[in-house]
Amino acid sequence: VLLGRDLLSSAKTGSGKTIAYSLPVLTRLVSDNRQAALVLVPTREIAVQVQQVMQPYLRALGMPPAALVIGGVSFGPQIQSLKRRPPVIIATPGRLNDHLANSGGRLRLDHVRVLVLDEADRMLDMGFLPQVKQILQHLPAERQTLLFSATMPSDLARACKAMLRDPERVAVDAPNTANAD
């Protein structure tokens, strides 16, 4: 991640994937405050968990808080947060697409240089791939894409192949298993 390579990674649930991408992504962003990272997750509960992991590090690095873009809450505060161009946007695909569709072109993601797909296997299972593809149209082609998943089914790897450029592959533990502890 620190070298700017795309990554296809799988590890058991509960093994620390969020911190595994958070620290190197924030390290890259701290050197250039004009860039941002977008973390896409399948549910608002996971989005809140990612925010709770990242927020202490953002604060320690003197960076503004992450924008949390999720359904079930008012658009207003999310719009204000996005206008400040935060270093990290944590979003569910549906709500981010709602913002993109309703912004009249004012919401731009051209400063996003790192895209993280967290819980990518669940996003595919839940049918988010078309929404993720819509979001990709708003991102620069020159970006780093990190895909993290508890499992790595072959259909997920095939579906995401077009998003990745010569990715490194990291698998921790046996594929398709959950962390028992």
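In this report, the structure presented in the accompanying data block is examined. Model, not experiment: these values are computed from the prediction. (Residues numbered from 1 in each chain as written. Predicted model: local features only at pLDDT ≥ 70, side-chain atom pairs only at ≥ 80, totals over all residues. Heavy atoms only, no water.)

What to know about the nonpolar core
Then comes step 1: Formed by 27 residues in total, the largest nonpolar core has its most connected members in L38, L40, L96, L109 and L117.
Then comes step 2: If you list the elements that add at least two residues to this core, you get β2 (36–40), β3 (67–69), β4 (88–91), α4 (93–102), β5 (112–117), α5 (120–125) and α6 (129–136).
Then comes step 3: A per-element tally of this core places α6 first, with four residues.
Then comes step 4: Those residues in contact with L109, other than ones at most four positions away along the chain, are I89, L96, L100, I135, H138, L139 and P140. (Core = buried A, V, L, I, M, F, W, Y, C linked by side-chain atoms within 4.5 Å. Buried < 20%, exposed > 50% of the residue type's maximum accessible area, 1.4 Å probe, protein only. Helix = DSSP H or I, 4+ residues; strand = E, 2+ residues; numbered from the N terminus. Contact = heavy atoms within 4.5 Å.)

Some thoughts on the side chain of S149
Then comes step 1: Looking at the element boundaries, S149 is found in strand β6 (residues 144–149).
Then comes step 2: Overall, the relative accessible area of 0% leaves S149 in the buried class.
Then comes step 3: Engagement of the side chain of S149 in a polar contact is seen with the side chain of D121, the distance being 3.1 Å. (Polar contact = N/O pair within 3.5 Å; in protein donor to acceptor, adjacent residues only side chain to side chain.)

Let's talk about the sheet that holds β5
Then comes step 1: Read across the sheet, seven strands follow the order β3-β4-β2-β5-β6-β1-β7 without closing on themselves; strand pairing throughout is parallel. The open sheet is flanked by β3 and β7 (168–171), the only strands paired with a single partner. Neighbour to neighbour, the strand axes of the sheet diverge by 15° on average, direction disregarded.
Then comes step 2: As paired strands, strand β1 (residues 7–10) and β6 are joined by four bridges and run parallel to one another. Within the sheet, the bridge partner assigned to S9 lies in β6 and is F148.
Then comes step 3: Together, β3 and β4 form the strand contacts of helix α3 (residues 75–83), whose direction differs from that of β3 by roughly 140°. (Pairing = 2+ DSSP bridges. Axes fitted to C-alpha atoms, helices over the stretch in contact; angles between N-to-C directions.)

Description of the pattern of salt bridges
Opposite charge on two side chains allows them to pair when their charged atoms are near.
Then comes step 1: Per the stated rule, a full pass over the model turns up three salt bridges.
Then comes step 2: Residue D32 pairs with R34 through a salt bridge whose shortest N-O separation is 3.1 Å.
Then comes step 3: Looking at D32, the relative accessible area reads 16%, which means it is buried.
Then comes step 4: Overall, R34 belongs to the exposed group, its relative accessible area being 63%.
Then comes step 5: The salt bridge involving E45 is made with R44; its shortest N-O contact spans 3.8 Å.
Then comes step 6: On the basis of relative accessibility, which here comes to 48%, the residue E45 falls in the partly exposed class. (Salt bridge = Lys/Arg side-chain N within 4 Å of Asp/Glu carboxyl O.)

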